[in-house]
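# Fold and geometry: a report
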Amino acid sequence: MSADPWHYPRRDFAERTLLLLASGPSKAVTLFGPRRTGKTEFLLRDLGPLAEERGHRAIYMTFWQAPLAPLAVLLHALEAARRKSSYAERARAIISGLPVKLELSSPIPGTSAKAQLDLSALAGKPPSDLLLYLDDLLGRLANTRKPTLLFFDEVQELARDPHNAPLVAALRSSLDKRSTGLASVFTGSSSEALRAMFAAKQAPFFHFATPLDLPPLGEAFVDHLAAIFARVTKRKLPRAAAQSAFVALDQNPEFFRKLLDSLVLNPGLAVPGALAALQERLSQELGYPRLWLALNPLQRALAAEMGRGADKPFSQETRLALARNLRVDTAPTIAQVQAAMRRLASLDIVEQWAGRWTLADPQFAKWLLAQV
């Protein structure tokens, strides 16, 4: 990707991740982190360029809100990687959107001529001949001397549609066969969906990848952006206020950049005022009021209790707290709480990781507690 002075490089983590993938015992990692915490930026601006610099081919593909079927996303990214273009150019093309038609680089199994594929027609269960073609394409991209790196961004989206099961199984098989020539990074922002793919015993990628947590950004990140801010605006950002705002935004790099945008555009605005305005704007942009209105009283009380720190929603203690909050004499049953949790999970409000339930969005937790 093009040089961006606002980008805070995670060179050390990129070095360690590349070493693990290229020379370590593991040829696949899962990189978990909530949305908007920098996973995609790490792949696009840190790990991918470093891999290319070291002689590896890096291939980025994203399944987040992709308008076309996952197989179309895969085929487009893999075919583009065979052309003589840089990682940055290919990644920009992926992000800008997929074409409707794709010229395949070799014949589909069972045919003799190269085909032009209509990517918009790949919805539903993937055709078996194209799964064979995908396997062949991965074989042509594998490199045992310098493993090709495959970046599957927001891969949990594959687990949301049962039609993708044959594709996921075929992908696992293809990667297993070429463990010395292909290395993979799977990122995800939904722990529940990731576990469905990687952690459950019946999961297609069970025990396939080493889990990594994206290291949280700290004071050095804020100092880096504050220095760029001073260079651009000729104004010094109060360090204590900037660091405090970053913590208030749950160390979310995207939100902190939005805060700096406001300060750049409004020279007379102080950090606390910009923070308050941003948090109010985020609640509207991210649909917090709409989400709140979609919940019934038990679901709201449960979300609020979890916002206060409860991580065992089915326990007697939590259910008694729910009864107090709802001002009823009898605590909700475990079955009632389970039904409420299913609803919250379907709306991506709650998630479970390592046996602990939490609210998925810390900013929503703060907004929610302000309501109750």
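Before any of the text, the structure's been laid out above.
What comes next is a walk through the structure. (Residues numbered from 1 in each chain as written. Predicted model: local features only at pLDDT ≥ 70, side-chain atom pairs only at ≥ 80, totals over all residues. Heavy atoms only, no water.)

## Focus on the overall build of the protein
Helix and strand counts for the protein stand at 16 helices and 9 strands. Here the protein has a C-alpha radius of gyration of 23 Å; the compact-globule value for 372 residues is 21 Å, and the two agree. Overall, the C-alpha framework of the protein stretches about 70 × 60 × 40 Å when taken along its three principal axes. When each of the 372 residues of the protein is scored for burial, the buried share is 48%. Counting only contacts in the protein whose residues sit at least 6 apart along the sequence, the fraction spanning at least 24 positions is 72%. As presented, the protein carries roughly 17,800 Å² of accessible surface, and 54% of it is formed by carbon and sulfur atoms. When the 46 positive and 35 negative side-chain charges of the protein are each reduced to one mean point, those points stand 1 Å apart. (Helix = DSSP H or I, 4+ residues; strand = E, 2+ residues; numbered from the N terminus. Rg over C-alpha atoms; globule rule 2.2 N^0.38 Å. Buried < 20%, exposed > 50% of the residue type's maximum accessible area, 1.4 Å probe, protein only. Contact = heavy atoms within 4.5 Å. Areas by Shrake-Rupley, 256 points an atom, 1.4 Å probe, with all protein chains shown as cover. Lys, Arg positive; Asp, Glu negative; His and termini not counted. Charge placed at Lys NZ, Arg CZ, Asp CG, Glu CD.)

## Focus on the side chain of Thr318
Along the chain, Thr318 falls in helix 14 (residues 316-326). The class of Thr318 is buried, set by a relative accessible area of 7%. Apart from residues no more than four positions distant in its own chain, Thr318 is found in contact with Leu302, Glu305, Ala310, Lys312 and Pro313.

## Description of the sheet that holds strand 7 (residues 210-213)
Sheet architecture is open: 5 strands sit in the order 2-5-6-1-7, paired in parallel fashion. The open sheet terminates on both sides in strands that have one partner only, identified here as strand 2 (58-62) and strand 7. Strand-to-strand, the axes of this sheet are offset by a mean angle of 20°, without reference to chain direction. Taken together, the 5 bridges between strand 5 (residues 148-153) and strand 6 (residues 182-188) define a ladder with parallel strand orientation. (Pairing = 2+ DSSP bridges. Axes fitted to C-alpha atoms, helices over the stretch in contact; angles between N-to-C directions.)

## A look at the nonpolar core
Formed by 67 residues in total, the largest nonpolar core has its most connected members in Met61 and Phe152. Broken down by element, the residue count for this core peaks at 8 residues, all from helix 3 (residues 70-81). Look past the residues within four positions of Met61 in its chain and what remains in contact with it is Val73, Leu74, Ala77, Leu78, Ile94, Leu150, Phe151, Phe152 and Asp153. Counting 23 residues, the second largest nonpolar core, distinct from the first, contains Leu291, Trp292, Met341 and Trp357. (Core = buried A, V, L, I, M, F, W, Y, C linked by side-chain atoms within 4.5 Å.)

## Details of empty space enclosed by the protein
The rolling of a water-molecule-sized probe over the atoms marks out the regions of remaining empty space. A complete count under the given rule lists 3 cavities of 30 Å³ or more for this structure. Within this model, the largest cavity holds a volume of roughly 70 Å³. Breaking the lining of the largest cavity down by element, the ones donating at least two residues are helix 2 (39-53) and helix 10 (253-265). Tallying contributions element by element places helix 2 first for the lining of the largest cavity, with 3 residues. When its residues are assigned to classes, the lining of the largest cavity shows 5 nonpolar, 2 polar and 4 charged. Roughly 50 Å³ of internal volume is contained in the second largest cavity. (1 Å grid on protein atoms, 1.4 Å probe; cavity = no way out; pocket = protein on both sides within 12 Å on 5 of 7 lines; lining within 4 Å. Points joined across faces, edges and corners; volume = space filled by probe spheres on them. Nonpolar A, V, L, I, M, F, W, Y, C, P; charged D, E, K, R; others polar.)

## A closer look at the pattern of salt bridges
Per the stated rule, a full pass over the model turns up 19 salt bridges. Of the charged contacts, one joins Arg11 and Glu15 as a salt bridge, the two residues approaching to 3.3 Å between their closest N and O atoms. A residue pair is termed a helical-turn pair when its members lie 3 or 4 positions apart in one helix, as Arg11 and Glu15 do in helix 1 (residues 11-23) at 4 residues. Relative accessible area serves as the criterion here: at 40%, Arg11 is assigned to the partly exposed category. Taking the relative accessible area as the measure of exposure, Glu15 reaches 27% and is therefore partly exposed. Asp223 is paired through a salt bridge with Arg239; the nearest N and O atoms lie 2.9 Å apart. Here the residue Asp223 occupies a position in helix 8 (residues 219-233), and Arg239 occupies one in helix 9 (residues 239-248), the gap between them amounting to 16 residues. Accessibility expressed as a relative area gives 30% for Asp223, which makes it partly exposed. Look at the salt bridges and you will find they share partners, linking Arg11, Glu15, Glu53 and Arg54 into a network. (Salt bridge = Lys/Arg side-chain N within 4 Å of Asp/Glu carboxyl O.)

Treat this as a map of the structure, not an account of what it does.
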